[in-house]
Amino acid sequence: MTHLDTELIKLKHQLFEMWSLVISQVETSREALMNFDKGAASEIAFKEKMVDTYELKIDRECENIIALYNPVASDLRLTLAILKINTDLERIGDFARGIARFVKKCPKESINPELLKVCQFDDLIKNAIEMLNDAKSSLEHENTRMAVSIFSHDDFLDDVHHNSNKIIANYIKKHPDEIDEALNLHSIIRKVERIGDHCSNIAEEIVFYIEAKVLKHSGKIKTV
Amino acid sequence: MAKIETLDANLFYGDFHALKNISMQMEENTVTALIGPSGCGKSTYLRLFNRMNDLIDSTRITGQILVDGEDIYRKNINVDELRIKVGMVFQKPNPFPKSIFENVAYGLRVNGEKNKSYIEDKVVQSLKQSALWNEVSDKLTKSAFELSGGQQQRLCIARALAISPSVILMDEPASALDPLSTAKIEELIHELKKEYTIVIVTHNMQQASRVSDYTAFFYLGELVEYGQTVEIFTKPKLKHTENYITGRFG
Ligand SMILES: Nc1ncnc2c1ncn2[C@@H]1O[C@H](COP(=O)(O)OP(=O)(O)O)[C@@H](O)[C@H]1O
Ligand SMILES: [Mg+2]
């Protein structure tokens, strides 16, 4: 094992720690919203600072590794992939934070469960969490097929988001007194859909690292 | 206390002022790289620590040079003992025309060691430490000249280690070697710093960044910038250093 190997193992380890933290942030944001749990929402705000600290640390480590060890080929691709995944994870953390902020600020005690149901909100966010978990294991096991399977999840998230426009518009017509929370839920659905986009980016970065293939901007046909 | 320290060190070759007021401290169990364009005084500075410059006529040294807090230029210092404590590896591998075993045993014998089993143990240990043992364990009696250049250099490192130094000076130890042998020497340096304090001169900037904890940039006999390697290679304080490490020099 070379010295660079040791450094890359340490770097990956930090990334996985951050990743677990971000997964738990999104899970907690789901609970916060489904149960309207303001305590859970505060917890997310607190842990967000830890996510930010990881982001800065991993950025700096990547810079140092490039400057000191001049990685090439797969070592370079891994370093660059980690640098980008780091940014994606931090953004995902921000979305969890956004959901928490809504729960904390909302004057109501709950969101109408009927509204959550028609929007398929729980399915949506559970899928996003699964994508995030799958992406993590696909890097842990260097399994590109698993990474590619993430793209089909993302299609589901896009559909739910797309359909929610009409559903929410109709809901508002029927329940004009709930217009505020319906609009807020719409923006939350948009956030969860964005989490899916970032997971797809991460999957592309994993394929780039392992297969040296660029899937970015390659449309819907993504294979390895 | 620093392992090695210089205070306002100056060196003159006759009238030529080769080192100018160099003050630097090097901690134990670290690797310090000396970088800078050729002729800037790296080798001269390195040779201060085992008093090798003394072998050159008309050199004059001022200031203080301390190893383990001791002024190594004071009167009555035992230079042979100093050179046991401070070992050196040169640019070109320079094995003696002897067997592999005798090359490593050489320093022990010269220093009067007679105990056969001690010598054997020490030779084996040094060859293991220099990551050469697996390649030579079955041909210890063969001539050192039968080894490849990279192996010869590791043999010279084993020879330096055999007399139990605590400091190892390396003057461009890999510049005559192929990339694979170079990588082996670099890995070896990472291992050795656990037990030794290493000062290495290299004209290869990437090598300095890969192997060292601290980097000192010399220019025209002056110490321009000295700091943690990671700082020097990501955000050097001086433009001069930046220009040198990015290859935009002069
Ligand atoms: N034995 C010597 N006599 C006179 N000048 C020397 C001697 N050795 C080195 N020099 C000069 O001292 C300066 C520093 O040399 P050196 O320490 O070998 O530089 P570096 O190792 O950085 O290439 C150079 O200008 C060189 O010409
Ligand atoms: Mg030199």
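Structure report, in brief.

## Some thoughts on the overall build of chain A
The helix and strand tally for chain A stands at 7 helices and 0 strands. Of the regular secondary structure in chain A, the N- to C-terminal order runs α-α-α-α-α-α-α. For 224 residues, the compact-globule estimate of 2.2 N^0.38 gives 17 Å, and chain A sits close to it at 19 Å. Taken along its principal axes, the extent of the C-alpha atoms in chain A is 65 × 40 × 20 Å. With 224 residues in all, chain A has 49% of them scored as buried. Restricting the contact set of chain A to residue pairs at least 6 apart, pairs at least 24 apart contribute 82%. If you sum the accessible surface of chain A, you get close to 10,700 Å²; carbon and sulfur atoms cover 53% of it. Treating the 30 positive side-chain charges of chain A as one cloud and the 38 negative ones as another, the clouds have centres 3 Å apart.

## Quick notes on the environment of Asn201(A)
Along the chain, the position of Asn201(A) falls in helix α7 (residues 179–211). Residues Asn201(A) and Asp123(A), spaced 78 residues apart in sequence, show a C-alpha to C-alpha distance of 21 Å.

## Some thoughts on the site of ligand 1
All names here are of chain B. The local shell around ligand 1 consists of Tyr13, Phe16, Ala18, Pro37, Ser38, Gly39, Cys40, Gly41, Lys42, Ser43, Thr44 and Ile56. Here an oxygen atom of ligand 1 sits 3.2 Å away from a polar atom, N or O, in the main chain of Cys40. Here Ser43 contributes a side-chain N or O atom positioned 2.8 Å from an oxygen atom of ligand 1. Contact with the protein chains covers 63% of the free accessible surface of ligand 1, which is 560 Å². Sort the elements by how many residues they give to the shell around ligand 1 and helix α1 (residues 42–47) lands first, with 3 residues. Here the shell around ligand 1 is built from residues that sort into 6 nonpolar, 5 polar and 1 charged.

## As for the sheet that holds strand β5 (residues 70–71) of chain B
All names here are of chain B. Ordered by their spatial adjacency, 4 strands build an open sheet running β2-β1-β4-β5, and the pairing between neighbours is antiparallel. In the strand order of this sheet, the two ends are held by β2 (16–26) and β5, each with one partner. Relative to strand β4 (residues 59–67), strand β1 (residues 4–13) is paired through 8 bridges, and the arrangement is antiparallel. Residue Tyr13 lies in a different strand from β4, and its bridge partner there is Thr59.

## Topic: the sheet that holds strand β8 (residues 197–201) of chain B
All names here are of chain B. Spatially, β6-β7-β8-β3-β9-β10 is the arrangement adopted by the 6 strands of the open sheet, whose pairing is mixed. Across the chains shown, the open sheet's two edge strands, defined by having one partner strand only, are β6 (86–89) and β10 (222–228). Taken over all neighbouring pairs, the strand axes of this sheet differ in orientation by 15° on average, direction set aside.

## Concerning the interface of chain A and chain B
On the chain B side, the residues contacting the 9 residues of chain A number 9 residues. Buried surface at the junction of chain A and chain B, summed over both partners, amounts to about 770 Å²; 56% is from carbon and sulfur atoms. Interface area lost by chain A to chain B is led by His3(A), Leu68(A) and Asn70(A), which between them contribute 54%. Where chain A touches chain B, the interface holds 0 salt bridges. Counting the contacts that link chain A with chain B gives 4 residue pairs in polar contact (both at pLDDT 80 or more). It is helix α2 (residues 38–69) of chain A that provides the largest number of residues to the side of chain A that touches chain B, a total of 5 residues. Residue classes in the side of chain A that touches chain B are distributed as 4 nonpolar, 4 polar and 1 charged.

## As for the layout of surface pockets
Residues and elements named next belong to chain B. Taken as a whole, the largest pocket encloses approximately 520 Å³ of empty space. If you trace the largest pocket, you find 19 residues lining it, with Arg83, Met88, Tyr106, Arg159 and Ile163 closest to the centre. Those elements that place two or more of their residues in the lining of the largest pocket are α2 (79–85), β6, α3 (100–110) and α6 (149–162). Class assignment for the residues of the lining of the largest pocket results in 11 nonpolar, 5 polar and 3 charged.

## Quick word on helix α4 (residues 116–129) of chain B
All names here are of chain B. Here α4 spans 20 Å end to end across 14 residues, near enough to the 20 Å set by a 1.5 Å rise per residue. Every buried residue of α4 is accounted for by Ile119, Lys122, Val123, Ser126, Leu127 and Gln129. For α4, the arc enclosing every buried residue in end-on projection is 155°, short of the 170-degree limit, so these residues lie on one face. Those residues of α4 that are exposed and angled more than 90 degrees off the buried face are Asp121 and Lys128. Where α4 is buried, its residues meet α3, α5 (133–136), α6 and α7 (179–192). For α4, the capping residue at the N-terminal end is Asn115, with a side-chain oxygen 3.1 Å from the backbone nitrogen of Ser117.

Reading the values: rules and limits
- Residues numbered from 1 in each chain as written.
- Chains lettered and ligands numbered in written order.
- Predicted model: local features only at pLDDT ≥ 70, side-chain atom pairs only at ≥ 80, totals over all residues.
- Heavy atoms only, no water.
- Helix = DSSP H or I, 4+ residues; strand = E, 2+ residues; numbered from the N terminus.
- Rg over C-alpha atoms; globule rule 2.2 N^0.38 Å.
- Buried < 20%, exposed > 50% of the residue type's maximum accessible area, 1.4 Å probe, protein only.
- Contact = heavy atoms within 4.5 Å.
- Areas by Shrake-Rupley, 256 points an atom, 1.4 Å probe, with all protein chains shown as cover.
- Lys, Arg positive; Asp, Glu negative; His and termini not counted.
- Charge placed at Lys NZ, Arg CZ, Asp CG, Glu CD.
- Near = heavy atom within 4 Å.
- Polar contact = N/O pair within 3.5 Å; in protein donor to acceptor, adjacent residues only side chain to side chain.
- Nonpolar A, V, L, I, M, F, W, Y, C, P; charged D, E, K, R; others polar.
- Pairing = 2+ DSSP bridges.
- Axes fitted to C-alpha atoms, helices over the stretch in contact; angles between N-to-C directions.
- Buried area = accessible area lost by both parts, 1.4 Å probe.
- Salt bridge = Lys/Arg side-chain N within 4 Å of Asp/Glu carboxyl O.
- 1 Å grid on protein atoms, 1.4 Å probe; cavity = no way out; pocket = protein on both sides within 12 Å on 5 of 7 lines; lining within 4 Å.
- Points joined across faces, edges and corners; volume = space filled by probe spheres on them.
- Expected span 1.5 Å × (residues − 1).
- Arc of directions from axis to C-beta.

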